Amino acid sequence: MGFDVESTARIGVDGMHCQSCVQTIREHVGALRGVSHVQVSVEDAAALVVFQPLHVTRQELRDQIEDLGFGATLLADDADLRQTVSVWIAGMTCNSCVRSIEGRISQMTGVRSVGVSLKDEKGTITFDPTLTGPEHLRLAIEDMGFDASLQAPIQDQDLLADPSDPSDHKTQHDNATGFISSPASQLASAKVQKCFVSVTGMTCASCVANIERNLLKHKGVVSVLVSLMAGKAEVKYDPDFIHAAAVTRLIEDLGFGATLIEDNAVTHGKLDLTISGMTCASCTHSIESKMAATKGITGASVALATKTAHIQFDPDVIGPRDIMKIIQDLGFEAGLKKAGFKSNLDHAEEIQQWKNSFLLSLVFGLPVMGLMIYMMVMDSQHRQHGGSMPEEQNLLPGLSILNLAFFLLCTPVQVFGGRYFYVQAYRSLKHGAANMDVLIVLATSIAYVYSCVVLMVAVAERARQSPVTFFDTPPMLFVFIALGRWLEHVAKSKTSAALAKLMSLQATDATVVTLGPGHSIISEEQVVVELVQRGDVVKVPPGGKFPVDGKVIEGSSMADESLITGEPMPVSKKVGSLVIAGSINAHGALLVEATHVGADTTLSQIVRLVEEAQTSKAPIQQFADRLSGYFVPFIVLVSVVTLVAWLAVGFVNFDIVRENFSGYNANISRAEVIVRFAFQASITVLSIACPCSLGLATPTAVMVGTGVGAQSGILIKGGEPLEMAHKINVVMFDKTGTITNGAPRVTRVLVLWEMARMSLRKILAVVGTAEASSEHPLGIAVTKHCKEELNADVLGFCQDFQAVPGCGISCRVSNVEHLLPQQSEERFLLPGATTDESSLGDAAVHPGEVLCYSVLIGNREWMRRNGHHVGADVDAAMSSHEAKGQTSILVAIDGVLCAMIAIADTVKAESALAVHTLGSMGIDVVMITGDNKRTAKAIAAQVGIRKVFSEVLPSHKVAKVQELQEQGLRVAMVGDGVNDSPALARADVGIAIGTGTDVAIEAADIVLIRNDLLDVVASVELSKRTVRRIRINFVFALIYNLVGIPIAAGVFMPAGLVLQPWMGSAAMAASSVSVVLSSLLLRLYKKTSVELYEVRARGMIRSIRSS
């Protein structure tokens, strides 16, 4: 009979999120030998296990739950092992030291109670020896900067001895200034070291808790701090018991990837202060001396001239506030040096320089364009060059007014306007590449130098006719190209604005509190968030932002963490829960111990991810640059061949040169004539191959394309995303707010007719009134649905409202009679009802009659707590909705369970069509979300997405994008939240929903103003059209070049076809006009209608069925 003896164990379980977690624990714990019953509650965060102690122990039950990845603690009434230890602490100066030690040690795993006496310099700690030990506790106190010993100092031992014994007094006197040698040697040997380990494979807070809890079980591990976002663990250990490599192996044994980054590391904090009150070098010396003598400060430099101080310190020993207080105690005023947000992606300088280049080129370029048009008109009328430059208008022989004007207008543009092009071209050539800048510089320089040379030769030779020049080329080219570059950099500058917007999400200040016994608040201090130190206790009021990452030590509330997860549902926070900087506290005040501050917070990690993604993103090599890489060497080669060929022809047969050289002068030597003719032909080739039209081909098409996109509700930031979008192989959609609407909506109201004869209208009136007082997103969704269904803006009156986080609400509702049908009114069925009897069963409400209803709304546990039995049929109905990723809540009115309401974040109407259309274009569609697997799969199934990544953090979203890119795929990311911004920045094309966060919009390359996913398809279509138009533009540009170059080279000279000067100018102008007109044809683009997409989709489905 002894084997039938049973016992019960209550185990606190952390890290459960849903019924799937409950089921996992039930299955695994229930499978243990000797376990007869397991009851698990998500709401209570606890498990009740009935077991036979002869087969299994409480500790084995707890360990089994921990092995599943959850936090498990034997609750107080089950803890049968407790020990108490006294620790002697030296170095405490005030009650603040006492409170900081009590606050820190009380949070350690296994600690049941802690009391510290400043007078006795002693701490008494009660703990669970299976979870921690006296040495761990001592090292933890020492780690805070105090001296700690498990043995009493000699002076204390003397006080305990007989005071009448003179030998005791002697011992006390001799040793009054020091501790006994044994603890001192222990302190020397127990030197705590710190290592940093890179950890991969963490997906949620449970993983963090799992690593921290398991490492602390091992002897020698003093403290563990894991950052989920940074993927990094900071471990302090005693090298006498364990080493860094062993710590890494312990993490790997838990199933995570671990790599040692740094061993025996010293964390360096940096602090820049402004100090007022300094008058001479003596002041700076006193501050520096004091800093040098302070424990934890590794370096300090004070500048009298700028009244600033730069201080390096160890944040584990001392914090910024402590340093400022030390300086203030010296009689100076110290404040934080305010540094503006400066991103390494700031394009302000480039924007300014290209703007200046464009405006300068425009000022001189407009008159040049006017003179060029005049010259072309006059030359075409006279069929020769003399039309625009008659001999009588020459200022000097060989120098006409027109050429002088050209020279004066072109020179400033060539020297100042083109300065940045020369810089870019030099950099390109230095790296062995020939891009568009090289081509532009080559053409403008040759055109300018050639024009100057022929003009000077004409003046020197006192020529009768002023020669043809190409002074009009540089201004025309620089005006258009500089405008394109300016607009491109303006678009790129938006990326750095994204980082500034991210930083603005951070709280600016924090309320740091000092705690007394029982977590009572003794004092409060308002400090800027930069001065919050690790270990500080911060008070967060209802509705306030969490200033730092930390752990809740007092209070319970809900927190809006959509900032990180992208999910709209608030998360329950209680003692031991982790909170994230920048997320918003709901209705309960919390006390939070800071674990990650400054650059280590989750928000700062997201900023770093966005910045890294933007800097590591390879720039797209544009089509014009690729073409220039071949075109520049080709033109130079043709020019050199022309030079060599005409030199050879001239010396072999001089008559050909003499007949075709218009500037032939018999007084010049034959050799000089041949060389001059050959150079003229060679330079004419370079000039006619002017990339004016090539330079215009891309910017004009991009300008028209982005303008057409804007008219269609698609904002495209520059040419790069426009050129890249058509190459996309994979589109990665975020779930919440992108594929779905991003806000919960009521999907079903099930009236439990068998249990409560109550009409749907009455239920909606009562429930809507009750939930109107709730701040929870589910409550807001229910109220909105009730108002829509009842067609009423004003509901009833609610009183005695009470909300229990994670469970539900209770209240009393009255004054809903005006929403219910009067006797004379016709009964009718409201949409959303799932029972035909929804309008039956209620006695009509008589005018003037006021009824009051007692209302309970919440989950199963809330109903059970309030004495309601949830039947199997109702439970099954709830489970069917929960399996689809929906939330089910129950309604009880006047003590009777009367309805079930299903709520879900519904899919956008166009999502499925957009996914289908992208698939039909040969683009793979993937969904990525921070939500759980079940919900993610349910939503993906509704829209036809087969590949789903769920429970993904912002840093892992970036990793998924990179993973696909490493497979050679071009990835577009579509998202709307702050958590999507790193992935939007890293993807080849980032597409943000216009209704999303500012940060996402700034980080993206394309913004969809209309919140319509079909615009993703439209942006790909527009990209294809634009790139096709750019290629057509290049064909137009190259046709003129390919026809003109052989003529300029003199290939057709024997046939009498010689390039006249006006023909060269006309060809260049015609090519530019052709390109601009071709680009303007893009304005005819119209976005494909939804109806046409639907017809195409239906046609495809029909063809599949018929086949």
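Residues numbered from 1 in each chain as written. Predicted model: local features only at pLDDT ≥ 70, side-chain atom pairs only at ≥ 80, totals over all residues. Heavy atoms only, no water.

Details of the overall build of the chain
In terms of helices and strands, the chain carries 36 helices and 40 strands. Considering only intrachain contacts with a sequence separation of at least 6, the fraction spanning at least 24 residues in the chain is 71%. Per element, the accessible surface of the chain, about 49500 Å² overall, is 56% carbon and sulfur. (Helix = DSSP H or I, 4+ residues; strand = E, 2+ residues; numbered from the N terminus. Contact = heavy atoms within 4.5 Å. Areas by Shrake-Rupley, 256 points an atom, 1.4 Å probe, with all protein chains shown as cover.)

Re the pattern of salt bridges
One side chain can pair with another of opposite charge once the charged atoms of both are near each other. Scanning all chains against the criterion turns up 18 salt bridges. In this structure, glutamate 234 and arginine 534 form a salt bridge, with 2.8 Å as the shortest nitrogen-oxygen distance. A residue pair is termed long-range when its members are at least 10 positions apart, and glutamate 234 in strand β11 (residues 232–237) and arginine 534 in the loop between β20 (521–528) and β21 (537–540) qualify at 300 residues. Residue classification places arginine 534 among the partly exposed residues on the basis of a relative accessible area of 31%. One salt bridge connects arginine 860 with glutamate 882, and the closest N-O pair in it is separated by 3.1 Å. Taken together, the positions of arginine 860 in helix α27 (residues 860–865) and glutamate 882 in helix α28 (residues 872–883) put the pair 22 residues apart, joining distant regions of the chain. Arginine 860 sits in the buried class, given a relative accessible area of 13%. Accessibility expressed as a relative area gives 14% for glutamate 882, which makes it buried. Connected through salt bridges with shared partners, the residues Glu66, Arg213 and Lys217 form a single ionic network. (Salt bridge = Lys/Arg side-chain N within 4 Å of Asp/Glu carboxyl O. Buried < 20%, exposed > 50% of the residue type's maximum accessible area, 1.4 Å probe, protein only.)

Comments concerning helix α34 (residues 1014–1049)
Three or four residues apart is the spacing at which side chains of an α-helix point the same way, because the helix has 3.6 residues per turn. The terminal C-alpha atoms of α34 lie 52 Å apart, and with 36 residues this matches the ideal 52 Å at 1.5 Å per residue to within 8%. Once α34 finishes, glycine 1050 follows within two positions and takes phi at roughly 85 degrees, a positive value. (Expected span 1.5 Å × (residues − 1).)

So, the sheet that holds strand β24 (residues 571–573)
Spatial ordering of the open sheet is given by β24-β23-β26, a layout of three strands whose pairing is antiparallel. Two strands in the sheet have a free side with no partner beyond their single neighbour: β24 and β26 (584–585). As judged from the three bridges shared by strand β23 (residues 557–560) and β24, these two strands associate in the antiparallel manner. Bridging from a neighbouring strand, methionine 558 pairs with serine 572 of β24. (Pairing = 2+ DSSP bridges.)

Examining the pairing of strand β3 (residues 46–51)
With respect to burial, β3 is a largely interior element, five of its six residues being buried. In terms of strand pairing, strand β1 (residues 7–14) meets β3 through six bridges, oriented antiparallel. Residue pairing for β3: serine 7 is matched across the bridge by phenylalanine 51. Taken together, the six bridges between strand β2 (residues 35–41) and β3 define a ladder with antiparallel strand orientation.

What about the environment of glycine 705?
The topology assignment puts glycine 705 in helix α22 (residues 692–711). In the structure, glycine 705 is positioned 321 residues away from threonine 1026 in sequence and 6.1 Å away in space, judged by C-alpha atoms. Those residues in contact with glycine 705 that sit more than four places away from it in its chain are Leu722, Leu1022, Thr1026 and Leu1082.

So, the sheet that holds strand β12 (residues 257–262)
Strand order in the open sheet made by the four strands is β10-β11-β9-β12, with antiparallel pairing throughout. A strand with exactly one partner marks an edge of an open sheet, and here the two such strands are β10 (221–227) and β12. Neighbour-to-neighbour, the strand axes of the sheet open up by a mean angle of 25 degrees, direction not taken into account. For strand β9 (residues 193–200) and β11, the ladder comprises six bridges, and the chain directions are antiparallel. The partner of phenylalanine 196 across the bridge, within β11, is glutamate 234. (Axes fitted to C-alpha atoms, helices over the stretch in contact; angles between N-to-C directions.)

As for a nonpolar patch on the surface
A surface patch of nonpolar side chains, about 330 Å² in accessible area, is lined by Val449, Val453, Met456 and Val457. In this fold, methionine 456 is placed in helix α15 (residues 436–460). (Patch = residues over 30% accessible without salt bridge, like charges linked within 9 Å, V, L, I, M, F, W, Y side chains within 5 Å.)

Thoughts on the packing of helix α29 (residues 911–920) against α34
Relative orientation of the contacting elements α29 and α34 amounts to 30 degrees, with a least axis distance of 8 Å. Classed by the angle they form, the pair α29 and α34 counts as roughly parallel. Residue-level inspection shows Leu913, Ala914, Thr917 and Leu918 of α29 in contact with α34, the latter providing Leu1014, Val1016 and Val1017. Looking at the contact of α29 with α34, its residues break down into six nonpolar, one polar and no charged. (Parallel < 35°, antiparallel > 145°, perpendicular 65-115°, else oblique. Nonpolar A, V, L, I, M, F, W, Y, C, P; charged D, E, K, R; others polar.)

A word on the side chain of arginine 138
Among the structural elements, arginine 138 can be located in helix α4 (residues 134–143). The exposure class of arginine 138 is buried, given its relative accessible area of 1%. Side-chain polar atoms of arginine 138 contact the side chain of glutamate 135, separated by 2.6 Å. (Polar contact = N/O pair within 3.5 Å; in protein donor to acceptor, adjacent residues only side chain to side chain.)

Let's talk about the side chain of glutamate 817
Position of glutamate 817 among the secondary structure elements: in the loop between β32 (808–814) and β33 (852–858). No salt bridge forms around the buried glutamate 817; measuring N to O, its nearest opposite-charge neighbour lysine 762 is 8.3 Å away. (Lys, Arg positive; Asp, Glu negative; His and termini not counted.)

Some thoughts on unusual backbone geometry
For asparagine 791, which is not glycine, the phi torsion reads 55 degrees and is therefore positive. Tracing the backbone through its elements, the reader meets asparagine 791 in the loop between α26 (777–790) and β31 (797–804).

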